[in-house]
Amino acid sequence: MGMKRYIVAYDGSENSKKALALATDLAKSVSAEIFLVTVCDQILQQFEDVSLSPDMERDYEQHFADKAAEACEYCRSQGVQAQSAVLKGHPADEIIRYAKQVNADLLVSGTRGLGGFTQLLLGSVAHKLVTYSPIPVLIVK
């Protein structure tokens, strides 16, 4: 049967571009479909003193929609079927939730390469994906 549905966590960073390129190559070789996921991190909503104006929030969301469209276009230019979703919330939680929703076979993500104390302070989406996802995860550096 094989793996036919790949989730790619994409934010436009260099490492997410590497993850997208690898996932696209893998998808091409087995005729898999890619589901691109970008997440508008809602971290600012945790602080009472910080809020975005409606225009700023719309621009913020548009930024992520543009990144998703860019990634979809790349996949299609490589002959791979792709669709995208822009989600809101905590990135790892939303990516895992979406992967379950679309019955994904593989989750592909880049990493920022943080480790040690920096990872402890900042947290890591890639680390949370590996730790909590019930779906196999491929981390690309």
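Our structure is the block above this text.
Visitor: Can you tell me about the overall build of the protein, naming the residues and giving the values?
Guide: Counting secondary structure elements, the protein contains 5 helices and 5 strands. Along the protein, helices (α) and strands (β) appear in the sequence β-α-β-α-β-α-β-α-α-β when read from the amino end. Out of the 141 residues belonging to the protein, those deemed buried represent 38%. The contacts in the protein between residues at least 6 apart in sequence include a share of 78% that link residues at least 24 apart. Summed over all atoms, the accessible surface of the protein reaches about 8200 Å², with 53% contributed by carbon and sulfur.

Visitor: Any chance you could break down the environment of E61 for me, citing the residues and the numbers?
Guide: Mapping E61 onto the fold places it in helix α2 (residues 54–77). Residues E61 and D41, 20 residues apart in the sequence, show an inter-C-alpha distance of 9.8 Å. A polar contact of 2.6 Å, which involves the side chain of E61, links it to the side chain of K88.

Visitor: Hey, could you go over the pairing of strand β4 (residues 106–110) for me, with residue numbers and the actual values?
Guide: Moving residue by residue along a regular strand, the side chains alternate between the two faces of the sheet. The buried count for β4 comes to 5 of 5 residues, which makes it a mostly enclosed element. Taking every second residue as pointing to the same face, both faces of β4 are buried, with L106, V108 and G110 on one and L107 and S109 on the other. Relative to β4, strand β1 (residues 5–9) runs parallel, the two being bridged by 3 bridges. In the sheet register, Y6 faces β4, and the bridge partner there is L106.

Visitor: So, α2: which residues are in play, and what are the values?
Guide: If you check α2, its first and last C-alpha atoms are 34 Å apart, about what 24 residues at 1.5 Å a residue would give, namely 34 Å. Looking at α2, one finds that the buried residues are F64, A68, A71, C72 and C75. Those residues of α2 that are buried lie in contact with α1 (14–30), β2 (33–41) and β3 (82–89). Remark: G79 follows α2 within two positions and exhibits a positive phi of approximately 80 degrees.

Visitor: Describe the sheet that holds β4, and please don't skip the residues or the numbers.
Guide: Strands belonging to one sheet form pairs held by backbone hydrogen bonds; the direction of such a pair is parallel or antiparallel. Read from one edge of the open sheet, 5 strands run β3-β2-β1-β4-β5, paired in parallel fashion. The outermost strands of the open sheet, each flanked by one partner alone, are β3 and β5 (137–140). Taking each pair of neighbouring strands and ignoring which way they run, the sheet shows an average axis angle of 25 degrees. Bridge analysis of β4 against β5 gives 4 bridges, and the strand direction is parallel. By the bridge assignment, L107 is partnered in β5 with V137.

So, how was this worked out
- Residues numbered from 1 in each chain as written.
- Predicted model: local features only at pLDDT ≥ 70, side-chain atom pairs only at ≥ 80, totals over all residues.
- Heavy atoms only, no water.
- Helix = DSSP H or I, 4+ residues; strand = E, 2+ residues; numbered from the N terminus.
- Buried < 20%, exposed > 50% of the residue type's maximum accessible area, 1.4 Å probe, protein only.
- Contact = heavy atoms within 4.5 Å.
- Areas by Shrake-Rupley, 256 points an atom, 1.4 Å probe, with all protein chains shown as cover.
- Polar contact = N/O pair within 3.5 Å; in protein donor to acceptor, adjacent residues only side chain to side chain.
- Pairing = 2+ DSSP bridges.
- Expected span 1.5 Å × (residues − 1).
- Axes fitted to C-alpha atoms, helices over the stretch in contact; angles between N-to-C directions.

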